[in-house]
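# Structure at a glance
Chain by chain, the residues:
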Amino acid sequence: MQQRELGGNGLGVSAVGLGCMGFSQGYGATDDDESVAAIHTAIDSGITLFDTAQSYGAGHNERLLARALRDAGDSVRVATKFGIVRGENGVYLDAKPERVREYCDASLARLDREVIDLYYLHRIDPEVPVAETIGAMAELVAAGKVRHLGISEATPEQLAQAAAVHPIAAVQFEWSMLWREPESDVVPAARELGIALVPYSPLGRGLLTATLDTTTVTASDFRRNDPRFSGDNLASNMAQVGALRDLAARLGLTAGQLALAWLLAQGPDVVPIPGSRRAQRIVENAAAAAADLTADDLAELEKIVPADGWAGDRQSFAAHGTSRS
């Protein structure tokens, strides 16, 4: 698989990564043995970037990834995140500088690794200036516990504040054909600062695969409570997906592959991290990196699946909780 660089400091990764949250939460029951097998399939497919977080399954996801990557060698890159705490008292934000090293050490122990390749601030704690949290994260780099820093769901102003303290390799945020709001603010701001773009949910929480039905929508807390997956919004979005699927078929791709290829075509600094528990889907997603869309293909895609054709406001859901990826 082609390689891309996150930031300007030599963090090379596969063009398509693997978001691991679904192995522990969000999309129904899981089986650890099947999850490990799926991660091994990802490695065999050329994927080297594996994205997890301390909050996913309250630590379960990091332990699962440690098991799956035990014999993977030095080519894999692990990204994890802190700032969302999931415990007996529910889910809350905590990015206090004095707690950063403690959270990092706990993640290192669960991951069974000596160093974290990319350490993200998962969500910005409204009680703590972002510069103070990034300052504490920079100390982890100096201590050799972390190689590169990242930030998730930041505003342009917060990106600038973070980058003023320490180089930021990547910003993670929801971006897909289904959700294009970041193109007006976060994307240009990150590029001006030399920060790579790591879209999560690049397949629109599965909608852009053209495989969802009512049962699979209602089985997921994330989808069931998201306005884009209900009522007239869902019906409108499914019509858009139908057009995406038809064009993909003409190009010899699946709908999901075309959606990922579209993201990859937005620039060499884009590394999407689609998640899936199914080995077959992981292979399919990895193959999207080889799709070569022409300017005509992209223009036709914009015409038949327009940005303003999607219905539902992701923000109205995201604002109500910290459990999003």
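Looking at an unreviewed UniProt entry, the chain carries the name Aldo/keto reductase, with the source organism given as Nocardia albiluteola.

Among the nonpolar cores identified, the biggest contains 77 residues, and Leu18, Phe50, Tyr119, Ile151, Leu159, Met177 and Leu244 are the most heavily contacted of them. With seven residues, the top contributor of residues to this core is helix H10 (residues 255-264). Excluding its chain neighbours within four sequence positions, the residues that come into contact with isoleucine 151 are Tyr120, Leu121, Ile124, Val130, Leu159, Ala162, Ile168, Ala170, Val171 and Gln172.

By convention here, two paired aromatic rings are described through the distance between centres and the angle between planes. For the structure on display, the rule yields four aromatic pairs. Where phenylalanine 82 meets tyrosine 119, the ring centres are 5.0 Å apart and the plane angle is 25 degrees; that geometry is what we call stacked. Here phenylalanine 82 is found in strand S5 (residues 77-82), whereas its partner tyrosine 119 is found in strand S8 (residues 116-121), with 37 residues between them in sequence. For phenylalanine 82, a relative accessible area of 0% corresponds to the buried category. Classification of tyrosine 119 as buried rests on a relative accessible area of 0%. For the pair tryptophan 175 and tryptophan 262, a centre-to-centre distance of 6.3 Å together with 75 degrees between the ring planes defines the contact as edge-to-face. Of the two residues, tryptophan 175 is situated in the loop between strand S10 (170-174) and helix H6 (186-193) and tryptophan 262 in helix H10; the sequence distance between them amounts to 87 residues. Tryptophan 175 sits in the buried class, given a relative accessible area of 1%. A relative accessible area of 1% places tryptophan 262 in the buried class.

Within the secondary structure, arginine 4 is located in strand S1 (residues 3-6). Buried charged residue arginine 4 carries no salt bridge. Nearest counter-charge: aspartate 269, at 6.2 Å. A distance of 2.8 Å separates a polar side-chain atom of arginine 4 from the backbone oxygen of valine 270.

What follows is about the confidence of the model for the chain. Looking at the chain as a whole, its pLDDT mean stands at 91, while 91% of the residues score no less than 70. Contacts from residues 316-324, a stretch scored under 50 in pLDDT, to residues over four places away or in other chains number 24 contacts.

Applying the stated criterion to the full structure yields zero disulfides. Cysteine 20 takes part in no disulfide bond, and the closest cysteine sulfur, belonging to cysteine 104, lies 18 Å away. Exposure remark for cysteine 20: the relative accessible area of 1% places this residue in the buried category.

With respect to burial, S8 is a largely interior element, six of its six residues being buried. Inspection of the sheet shows S5 paired to S8 by four bridges, in the parallel sense. Counterpart to alanine 79 in the pairing with S8 is leucine 118. Following the chain from S8 across helix H4 (residues 130-142) to the adjacent parallel strand S9 (residues 146-152), one finds a crossover that is right-handed.

Basis of the calculations
Residues numbered from 1 in each chain as written. Predicted model: local features only at pLDDT ≥ 70, side-chain atom pairs only at ≥ 80, totals over all residues. Heavy atoms only, no water. Core = buried A, V, L, I, M, F, W, Y, C linked by side-chain atoms within 4.5 Å. Buried < 20%, exposed > 50% of the residue type's maximum accessible area, 1.4 Å probe, protein only. Helix = DSSP H or I, 4+ residues; strand = E, 2+ residues; numbered from the N terminus. Contact = heavy atoms within 4.5 Å. Phe/Tyr/Trp six-rings, centres within 6.5 Å; stacked < 30°, edge-to-face > 60°. Lys, Arg positive; Asp, Glu negative; His and termini not counted. Salt bridge = Lys/Arg side-chain N within 4 Å of Asp/Glu carboxyl O. Polar contact = N/O pair within 3.5 Å; in protein donor to acceptor, adjacent residues only side chain to side chain. pLDDT = per-residue confidence, 0-100. Disulfide = S-S within 2.5 Å. Pairing = 2+ DSSP bridges. Right-handed = clockwise from strand over helix to strand, strands pointing away.

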